[in-house]
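Below, each chain spelled out in residue letters.
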Amino acid sequence: GCVPNLCPLMDCNILRSPMKSFNAIKKYEIRQTGRIAGALVDLTTSNFNWRIIVFPLFIYDFIRYRRRLQVLRKNLFFTKQYALEAVKNILQGKERAWEIRQVEIQTGDILDKEKKGFYTDKIRNRQLREIEFLIDHYLELLGTDQSSYNDALKATYTAKGSYLAFLNRLQKVEEEVIQAAITTMRKGTKKERRLWFDKVRAATKDIRIEAANSIYDE
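Residues numbered from 1 in each chain as written. Predicted model: local features only at pLDDT ≥ 70, side-chain atom pairs only at ≥ 80, totals over all residues. Heavy atoms only, no water.

K.L.:
Looking at this model, I keep getting lost on the pattern of salt bridges. Mind explaining?
P.N.:
Pairs can form between side chains of opposite charge once their charged atoms are near each other. Under the defined criterion, the tally for this structure stands at 10 salt bridges. The residue Asp 136 makes a salt bridge to Arg 96 at a minimum N-O spacing of 3.0 Å. Pair noted here: Asp 136 is in helix α6 (residues 121-142) and Arg 96 is in helix α5 (residues 96-113), with a separation of 40 residues, a long-range link. Taking relative accessible area as the criterion, Asp 136 reaches 37% and is therefore assigned partly exposed. Its salt-bridge partner being Glu 175, residue Arg 201 comes within 2.6 Å of it at the nearest N-O pair. With Arg 201 in helix α9 (residues 190-216) and Glu 175 in helix α8 (residues 160-184), this pair connects stretches of sequence that are 26 residues apart. (Salt bridge = Lys/Arg side-chain N within 4 Å of Asp/Glu carboxyl O. Helix = DSSP H or I, 4+ residues; strand = E, 2+ residues; numbered from the N terminus. Buried < 20%, exposed > 50% of the residue type's maximum accessible area, 1.4 Å probe, protein only.)

Structure, rendered in C-alpha coordinates:
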(Lines give C-alpha, C1' and ligand atoms only; values in the text may rest on other atoms or scores of the structure.)
Protein backbone atom coordinates (compact mmCIF):
# COMPACT_ATOMS: atom_id res chain seq x y z
CA GLY A 1 0.00 0.00 0.00
CA CYS A 2 0.92 3.64 -0.21
CA VAL A 3 2.63 5.50 2.61
CA PRO A 4 0.13 8.34 3.28
CA ASN A 5 2.53 11.25 3.71
CA LEU A 6 4.24 10.47 0.39
CA CYS A 7 1.09 10.55 -1.72
CA PRO A 8 0.64 14.34 -1.95
CA LEU A 9 4.26 14.75 -3.06
CA MET A 10 4.62 12.11 -5.73
CA ASP A 11 3.07 9.25 -7.60
CA CYS A 12 2.78 6.32 -5.23
CA ASN A 13 4.10 4.01 -7.95
CA ILE A 14 7.56 5.14 -6.85
CA LEU A 15 7.22 2.74 -3.93
CA ARG A 16 7.56 -0.26 -6.28
CA SER A 17 11.31 0.12 -6.55
CA PRO A 18 12.30 3.36 -4.82
CA MET A 19 15.80 2.41 -3.72
CA LYS A 20 16.92 1.42 -7.22
CA SER A 21 15.85 4.83 -8.52
CA PHE A 22 17.30 6.57 -5.47
CA ASN A 23 20.67 4.85 -5.91
CA ALA A 24 20.75 5.88 -9.58
CA ILE A 25 20.25 9.53 -8.58
CA LYS A 26 22.90 9.33 -5.87
CA LYS A 27 25.45 7.69 -8.20
CA TYR A 28 24.85 10.38 -10.82
CA GLU A 29 25.33 13.20 -8.30
CA ILE A 30 28.52 11.63 -6.93
CA ARG A 31 29.89 11.21 -10.45
CA GLN A 32 29.06 14.81 -11.40
CA THR A 33 30.62 16.13 -8.19
CA GLY A 34 33.78 14.15 -8.95
CA ARG A 35 33.97 15.64 -12.43
CA ILE A 36 33.57 19.19 -11.14
CA ALA A 37 36.17 18.63 -8.41
CA GLY A 38 38.58 17.12 -10.95
CA ALA A 39 38.16 20.14 -13.24
CA LEU A 40 38.85 22.51 -10.35
CA VAL A 41 41.95 20.81 -8.98
CA ASP A 42 44.87 22.05 -11.02
CA LEU A 43 46.61 18.84 -12.08
CA THR A 44 48.38 18.53 -15.43
CA THR A 45 50.78 15.83 -16.51
CA SER A 46 53.56 18.37 -17.05
CA ASN A 47 53.43 19.35 -13.37
CA PHE A 48 54.56 15.86 -12.41
CA ASN A 49 56.85 14.66 -15.18
CA TRP A 50 60.09 15.96 -13.70
CA ARG A 51 59.12 14.81 -10.22
CA ILE A 52 58.91 11.20 -11.36
CA ILE A 53 62.71 11.28 -11.35
CA VAL A 54 62.66 12.28 -7.67
CA PHE A 55 60.13 9.64 -6.70
CA PRO A 56 59.41 10.60 -3.06
CA LEU A 57 58.56 14.18 -4.07
CA PHE A 58 56.24 12.93 -6.80
CA ILE A 59 54.42 10.72 -4.30
CA TYR A 60 54.11 13.61 -1.86
CA ASP A 61 52.62 15.88 -4.54
CA PHE A 62 50.25 13.14 -5.70
CA ILE A 63 49.03 12.46 -2.15
CA ARG A 64 48.53 16.18 -1.62
CA TYR A 65 46.53 16.36 -4.88
CA ARG A 66 44.38 13.38 -3.89
CA ARG A 67 43.72 14.89 -0.48
CA ARG A 68 42.70 18.20 -2.01
CA LEU A 69 40.43 16.41 -4.47
CA GLN A 70 38.80 14.45 -1.66
CA VAL A 71 38.14 17.58 0.41
CA LEU A 72 36.77 19.42 -2.61
CA ARG A 73 34.44 16.55 -3.50
CA LYS A 74 33.15 16.50 0.07
CA ASN A 75 32.53 20.26 0.08
CA LEU A 76 30.78 20.24 -3.30
CA PHE A 77 28.62 17.29 -2.24
CA PHE A 78 27.66 18.83 1.13
CA THR A 79 24.14 20.04 0.29
CA LYS A 80 23.41 17.06 -1.96
CA GLN A 81 24.39 14.66 0.84
CA TYR A 82 21.83 16.19 3.19
CA ALA A 83 19.15 16.33 0.50
CA LEU A 84 19.69 12.71 -0.52
CA GLU A 85 19.66 11.50 3.08
CA ALA A 86 16.39 13.36 3.67
CA VAL A 87 14.85 11.87 0.52
CA LYS A 88 15.89 8.37 1.55
CA ASN A 89 14.16 8.85 4.89
CA ILE A 90 11.05 10.28 3.19
CA LEU A 91 10.93 7.16 1.02
CA GLN A 92 10.89 5.13 4.21
CA GLY A 93 7.87 7.04 5.49
CA LYS A 94 9.24 10.09 7.29
CA GLU A 95 7.59 13.48 6.92
CA ARG A 96 9.29 16.03 4.64
CA ALA A 97 8.96 18.75 7.30
CA TRP A 98 10.56 16.45 9.88
CA GLU A 99 13.51 15.78 7.59
CA ILE A 100 13.99 19.50 6.90
CA ARG A 101 14.06 20.07 10.65
CA GLN A 102 16.71 17.35 11.07
CA VAL A 103 18.88 19.07 8.46
CA GLU A 104 18.47 22.37 10.33
CA ILE A 105 19.59 20.71 13.57
CA GLN A 106 22.56 18.89 12.00
CA THR A 107 23.87 21.93 10.12
CA GLY A 108 23.31 24.02 13.24
CA ASP A 109 25.58 21.63 15.15
CA ILE A 110 28.28 22.07 12.48
CA LEU A 111 27.95 25.84 12.76
CA ASP A 112 28.26 25.72 16.56
CA LYS A 113 31.53 23.78 16.26
CA GLU A 114 32.97 25.98 13.49
CA LYS A 115 35.79 28.13 14.83
CA LYS A 116 37.78 28.97 11.68
CA GLY A 117 35.24 31.16 9.91
CA PHE A 118 34.77 28.79 6.96
CA TYR A 119 31.11 28.17 7.78
CA THR A 120 28.78 31.01 8.76
CA ASP A 121 25.13 31.43 9.67
CA LYS A 122 24.45 33.22 6.39
CA ILE A 123 25.99 30.38 4.35
CA ARG A 124 23.98 27.83 6.34
CA ASN A 125 20.70 29.68 5.78
CA ARG A 126 21.28 29.80 2.02
CA GLN A 127 22.29 26.14 2.00
CA LEU A 128 19.05 25.17 3.73
CA ARG A 129 17.15 26.72 0.82
CA GLU A 130 19.32 24.80 -1.64
CA ILE A 131 18.76 21.54 0.24
CA GLU A 132 14.98 22.01 0.14
CA PHE A 133 15.20 22.78 -3.58
CA LEU A 134 17.21 19.59 -4.17
CA ILE A 135 14.86 17.48 -2.05
CA ASP A 136 11.90 18.54 -4.20
CA HIS A 137 13.90 17.91 -7.37
CA TYR A 138 14.89 14.40 -6.28
CA LEU A 139 11.33 13.58 -5.22
CA GLU A 140 10.09 14.74 -8.62
CA LEU A 141 12.59 12.45 -10.37
CA LEU A 142 11.56 9.54 -8.16
CA GLY A 143 7.91 10.24 -8.94
CA THR A 144 8.48 9.25 -12.58
CA ASP A 145 8.88 5.58 -11.57
CA GLN A 146 11.95 5.29 -13.85
CA SER A 147 14.85 3.22 -12.55
CA SER A 148 17.62 4.94 -14.56
CA TYR A 149 18.65 8.53 -13.93
CA ASN A 150 18.55 9.54 -17.60
CA ASP A 151 15.04 8.13 -18.08
CA ALA A 152 13.80 9.82 -14.91
CA LEU A 153 15.28 13.13 -16.04
CA LYS A 154 13.72 12.92 -19.51
CA ALA A 155 10.37 11.92 -18.02
CA THR A 156 10.48 14.97 -15.73
CA TYR A 157 11.92 17.43 -18.27
CA THR A 158 10.65 16.20 -21.63
CA ALA A 159 12.80 18.63 -23.64
CA LYS A 160 16.39 19.72 -23.17
CA GLY A 161 15.24 23.33 -22.97
CA SER A 162 13.06 22.64 -19.94
CA TYR A 163 15.95 20.84 -18.23
CA LEU A 164 18.30 23.73 -18.98
CA ALA A 165 15.70 26.06 -17.44
CA PHE A 166 15.78 23.89 -14.31
CA LEU A 167 19.59 24.12 -14.25
CA ASN A 168 19.30 27.91 -14.38
CA ARG A 169 16.96 27.84 -11.37
CA LEU A 170 19.39 25.57 -9.53
CA GLN A 171 22.28 27.87 -10.40
CA LYS A 172 20.41 30.85 -8.91
CA VAL A 173 19.87 28.94 -5.65
CA GLU A 174 23.56 27.96 -5.59
CA GLU A 175 24.52 31.55 -6.39
CA GLU A 176 22.92 32.68 -3.13
CA VAL A 177 25.18 30.26 -1.24
CA ILE A 178 28.21 31.50 -3.16
CA GLN A 179 27.41 35.16 -2.46
CA ALA A 180 27.03 34.35 1.24
CA ALA A 181 30.41 32.61 1.18
CA ILE A 182 32.10 35.52 -0.61
CA THR A 183 30.78 38.08 1.87
CA THR A 184 31.04 36.20 5.17
CA MET A 185 33.85 33.63 4.98
CA ARG A 186 37.12 34.53 6.69
CA LYS A 187 39.34 32.46 4.40
CA GLY A 188 41.50 34.55 2.05
CA THR A 189 40.58 37.98 0.74
CA LYS A 190 37.21 38.84 -0.76
CA LYS A 191 38.86 39.06 -4.18
CA GLU A 192 40.43 35.60 -3.78
CA ARG A 193 37.10 34.13 -2.73
CA ARG A 194 35.35 35.72 -5.70
CA LEU A 195 37.96 34.37 -8.14
CA TRP A 196 37.65 30.88 -6.64
CA PHE A 197 33.86 30.82 -6.82
CA ASP A 198 33.97 32.12 -10.39
CA LYS A 199 35.97 28.99 -11.22
CA VAL A 200 33.44 26.83 -9.35
CA ARG A 201 30.57 28.40 -11.32
CA ALA A 202 32.29 27.95 -14.66
CA ALA A 203 33.33 24.33 -14.04
CA THR A 204 29.88 23.41 -12.72
CA LYS A 205 28.09 25.00 -15.67
CA ASP A 206 30.37 23.40 -18.27
CA ILE A 207 30.01 19.90 -16.83
CA ARG A 208 26.24 20.19 -16.43
CA ILE A 209 25.80 21.41 -20.01
CA GLU A 210 28.02 18.59 -21.25
CA ALA A 211 25.89 16.07 -19.30
CA ALA A 212 22.65 17.59 -20.60
CA ASN A 213 23.87 17.34 -24.19
CA SER A 214 24.88 13.72 -23.59
CA ILE A 215 21.53 12.78 -22.06
CA TYR A 216 19.22 14.56 -24.50
CA ASP A 217 21.18 14.07 -27.70
CA GLU A 218 21.77 10.32 -27.25
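K.L.:
Would you explain the packing of aromatic side chains in this entry?
P.N.:
To describe a pair of aromatic rings, you give the distance between the ring centres and the angle between the ring planes. Per the counting criterion, the structure on display carries 8 aromatic pairs. Considering the side-chain rings of Phe 78 and Tyr 119, the 5.9 Å spacing of their centres and the 65° angle between planes classify their relative orientation as edge-to-face. With a gap of 41 residues between them, Phe 78 in helix α4 (residues 78-91) and Tyr 119 in the loop between α5 and α6 connect regions that are remote in the sequence. (Phe/Tyr/Trp six-rings, centres within 6.5 Å; stacked < 30°, edge-to-face > 60°.)

K.L.:
What should I look at first to understand the layout of surface pockets in this one?
P.N.:
Where empty space is left becomes clear once a probe the size of a water molecule has been rolled over the atoms. Considered as a void within the structure, the second largest pocket measures approximately 240 Å³ in volume. As for the second largest pocket, its lining consists of 13 residues, of which Tyr 28, Arg 31, Arg 35, Asn 150 and Ile 215 are closest to the centre. Contributions of two or more residues to the lining of the second largest pocket are made by α1 (18-40), α7 (149-156) and α9. (1 Å grid on protein atoms, 1.4 Å probe; cavity = no way out; pocket = protein on both sides within 12 Å on 5 of 7 lines; lining within 4 Å. Points joined across faces, edges and corners; volume = space filled by probe spheres on them.)

K.L.:
Just to check I follow, could you spell out α5 for this structure?
P.N.:
Working note: α-helix, 3.6 residues per turn, so residues spaced by three or four point in the same direction. A rise of 1.5 Å per residue sets the reference length of α5, with its 18 residues, at 26 Å; its end C-alpha atoms lie 26 Å apart and thus fit the reference within 8%. Along α5, the residues that are buried comprise Glu 99, Ile 100, Gln 102, Val 103, Thr 107, Gly 108 and Leu 111. As for α5, its buried residues are in contact with α4 and α6. (Expected span 1.5 Å × (residues − 1). Contact = heavy atoms within 4.5 Å.)

K.L.:
I'm lost on the nonpolar core in this one. Help?
P.N.:
Side chains of a nonpolar character, in soluble globular proteins, are inclined to be buried together. Membership of the largest hydrophobic core comes to 34 residues, with the highest contact counts inside it found for Ile 25, Val 87, Ile 135, Tyr 138, Tyr 149, Leu 153 and Tyr 163. The leading source of residues in this core is α6, at 8 residues. In this structure, Ile 36, Leu 40, Tyr 65 and Val 177 belong to the second largest nonpolar core, which totals 20 residues. (Core = buried A, V, L, I, M, F, W, Y, C linked by side-chain atoms within 4.5 Å.)

K.L.:
I keep staring at the packing of α1 against α4 and nothing clicks. Help me out?
P.N.:
As a packed pair, α1 and α4 sit with axes 11 Å apart at the nearest point and diverge in direction by 180°. With respect to α4, the element α1 is oriented roughly antiparallel. On α4, the residues that touch Pro 18, Met 19, Phe 22, Ile 25, Lys 26, Glu 29 and Thr 33 of α1 are Lys 80, Leu 84, Val 87, Lys 88 and Leu 91. Across the contact of α1 with α4, the residue classes tally to 7 nonpolar, 1 polar and 4 charged. (Axes fitted to C-alpha atoms, helices over the stretch in contact; angles between N-to-C directions. Parallel < 35°, antiparallel > 145°, perpendicular 65-115°, else oblique. Nonpolar A, V, L, I, M, F, W, Y, C, P; charged D, E, K, R; others polar.)

In short, the description is geometric, and any link to function would need to be established separately.
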